[in-house]
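Topology and contacts: notes
So you can see what is in the structure, the chains are spelled out below.
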Amino acid sequence: MSLPRPVTDVLDTALDKVVPAGYSSIGPALRRRWWPADPPAGALTGRHVVVTGASRGLGLAAATELARLGATVHLLGRDQARLDQAAAGIRVAVPNADVLPETCDVSDLDDVRAYAARTVESVPRLHALVHNAGVMPPSRTESAQGHELTLATHVVGPLLLTELLRPALAAADDSRVLVMSSGGMYSAPLQASWAHDLQYREGTYRGIRAYARTKRLQVLLAEQLATRLAADGVVVHSMHPGWASTEGIAESMPGFNRVVRPILRDARSGADTLVWLTASPEATTSTGLFWADRRPRSTTYLPWSTEDPQLRRQVWDAVATMAGIEHAPA
Ligand SMILES: NC(=O)c1ccc[n+]([C@@H]2O[C@H](COP(=O)([O-])OP(=O)(O)OC[C@H]3O[C@@H](n4cnc5c(N)ncnc54)[C@H](OP(=O)(O)O)[C@@H]3O)[C@@H](O)[C@H]2O)c1
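On a predicted model such as this, the values are computed, not experimentally measured, just so you know.

Let us now look at the layout of surface pockets. Its boundaries defined by the atoms lining it, the second largest pocket holds a volume of some 330 Å³. Every residue lining the second largest pocket is counted, 14 residues in all, and those nearest its centre are Asp38, Glu65, Arg268, Asp272 and Arg294. The element best represented in the lining of the second largest pocket is helix 12 (residues 272-279), accounting for three residues.

Now for the domain arrangement of the protein. Parsing the protein into structural domains produces domain 1 (1-35) and domain 2 (43-323). The C-alpha-based centres of domain 1 and domain 2 are spaced at 25 Å. On the domain 2 side, the residues contacting the 18 residues of domain 1 number 16 residues. Taken over both partners, the interface formed by domain 1 and domain 2 buries close to 1500 Å², and the fraction arising from carbon and sulfur atoms is 51%. Three residues, Lys17, Tyr23 and Trp35, lead the burial of domain 1 against domain 2; their summed loss comes to 47% of the area buried on that side.

This brings us to the sheet that holds strand 6 (residues 235-239). Read from one edge to the other, the open sheet built from eight strands follows the order 3-2-1-4-5-6-7-8, with strand pairing classed as mixed. Looking along the sheet, the strands with just one partner apiece sit at the ends: strand 3 (98-103) and strand 8 (295-297). The sheet shows a mean angle of 25° between the axes of neighbouring strands, direction not considered. Bridging between strand 6 and strand 7 (residues 290-292) involves two bridges; their strand directions are parallel. Among the inter-strand pairings, Ser238 is bridged to a residue of strand 7, identified as Phe290. Together, strand 1 (48-52), strand 2 (72-77), strand 3 and strand 5 (176-180) form the strand contacts of helix 4 (residues 57-68), whose direction differs from that of strand 2 by roughly 165°. Most of the contacts of helix 7 (residues 149-171) go to strand 4 (residues 128-131), to which it runs at about 170°, and overall it touches strand 1, strand 4 and strand 5.

One finds Leu126, Leu129, Leu159, Leu161, Leu198 and Leu217 to be the most contacted residues of the largest nonpolar core, which totals 45 residues. Sorting the residues of this core by element identifies helix 6 (109-122), helix 7, strand 5, helix 8 (207-229) and helix 13 (309-323) as the ones contributing at least two each. By residue number, the principal contributor to this core is helix 7, which donates nine residues. Every residue in contact with Leu161, bar those within four places of it in the chain, is listed here: Thr52, Val106, Val112, Tyr115, Ala116, Leu129 and His131.

What follows is about the packing of aromatic side chains. Under the counting rule described, the total for this entry stands at six aromatic pairs. Centroid distance Trp243 to Phe256: 5.1 Å. Interplanar angle 90°. Geometry classified as edge-to-face. Pair noted here: Trp243 is in the loop between strand 6 and helix 9 (247-252) and Phe256 is in helix 10 (residues 254-260), with a separation of 13 residues, a long-range link. Its relative accessible area of 17% is what places Trp243 among the buried residues. Using a relative accessible area of 25% as the deciding quantity, one classes Phe256 as partly exposed. A connected cluster of aromatic rings, assembled from ring pairs, spans Tyr23, Trp243 and Phe256.

A few words on helix 13. Along its 15 residues, helix 13 runs 21 Å from first to last C-alpha, staying within 8% of the 21 Å computed at 1.5 Å per residue. Three or more residues of helix 13 are buried, namely Leu311, Arg312, Val315, Trp316, Val319, Ala320, Met322 and Ala323. Taken end-on, helix 13 shows its buried residues confined to a sector of 165°, consistent with a single buried face. Across helix 13 from its buried face, at more than 90 degrees, point the exposed residues Gln310 and Thr321. The elements touched by buried residues of helix 13 are helix 6, helix 7 and helix 8. The N-cap residue of helix 13 is Asp308: its side-chain oxygen and the backbone nitrogen of Gln310 are 2.9 Å apart. A positive backbone phi angle near 75° is found at Gly324, which sits one or two residues after helix 13.

Quick notes on the rules
- Residues numbered from 1 in each chain as written.
- Predicted model: local features only at pLDDT ≥ 70, side-chain atom pairs only at ≥ 80, totals over all residues.
- Heavy atoms only, no water.
- 1 Å grid on protein atoms, 1.4 Å probe; cavity = no way out; pocket = protein on both sides within 12 Å on 5 of 7 lines; lining within 4 Å.
- Points joined across faces, edges and corners; volume = space filled by probe spheres on them.
- Helix = DSSP H or I, 4+ residues; strand = E, 2+ residues; numbered from the N terminus.
- Domains from an automatic or database assignment.
- Contact = heavy atoms within 4.5 Å.
- Buried area = accessible area lost by both parts, 1.4 Å probe.
- Pairing = 2+ DSSP bridges.
- Axes fitted to C-alpha atoms, helices over the stretch in contact; angles between N-to-C directions.
- Core = buried A, V, L, I, M, F, W, Y, C linked by side-chain atoms within 4.5 Å.
- Buried < 20%, exposed > 50% of the residue type's maximum accessible area, 1.4 Å probe, protein only.
- Phe/Tyr/Trp six-rings, centres within 6.5 Å; stacked < 30°, edge-to-face > 60°.
- Expected span 1.5 Å × (residues − 1).
- Arc of directions from axis to C-beta.
- Polar contact = N/O pair within 3.5 Å; in protein donor to acceptor, adjacent residues only side chain to side chain.

Take a look at the structure:
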């Protein structure tokens, strides 16, 4: 039985607000009855996609599905052996897969510059750049350039990588940048104190707090990049994957993982919206939106909450300065 659109709209939004229902495997099990169609077979044939954090978890699951859709997938991570193993696994799952394991530590701005310089030479047209790499260190750690590690990995490095790969993205038709945020960002609305303490030096450091803050900043990053890249015809979206069973979740949040394990999505289901946004033409009919389970969602838990535009600007300027790029959004 197919339900009328107004009914599925209400059901879908209610699932999102009742977090355990919408975020767990229950969410996609129900929503796939009404969500938009899968991308057609071969949708990405002849197209290059860069996926950061592709050695395991959601990045590996997404890379596998993108390869299945015909893409040449550049698998990025910090360790060549782990990437080679991931590539070998994809080639078993998808016999004709075209996958390129390439090291790049996205938290290290020198590494990002070196990787981008090689890539713009070898990949003149880039269909999609997927910022998926994620970390939740238990104590305050710094990147090679001295930035707090979640900020460097989730925000500063991705901003610089996007900027440097912009010519290749601009040269492709229907190109896109996708940012894997987290539903955890709902617990971290933009705070005035961040404008002077983005590096999380003040107060007691909590990894989960640093993670949620930088996942919020990723949503802001996607919105700002959407404006910045519009003139190049590149769309930018962020998303959350729900709760998915990965090594990252098991290592960073063992207690949570133990309790919710029976209802976690598998990694493929957690990567579904990312793959859909990478391959579907529907993703290019809008830009700067936040998605989950193939549908745009509010960026605040209460949809009428607003962010101070001046604070957004201050935070964006600070991040742009760290990445060493011009501040203007467009
Ligand atoms: N699983 C979930 O339920 C869930 C929920 C919300 C959001 N997310 C988000 O989804 C993304 C993937 O999560 P996951 O659960 O799949 O995590 P995961 O299993 O820990 O995988 C993280 C990936 O990121 C890579 N990585 C980490 N730091 C990197 C860096 N500096 N440069 C390049 N690669 C780096 C890791 O590879 P190497 O260690 O080999 O470098 C690994 O491939 C993250 O952004 C996470 O915040 C996940």
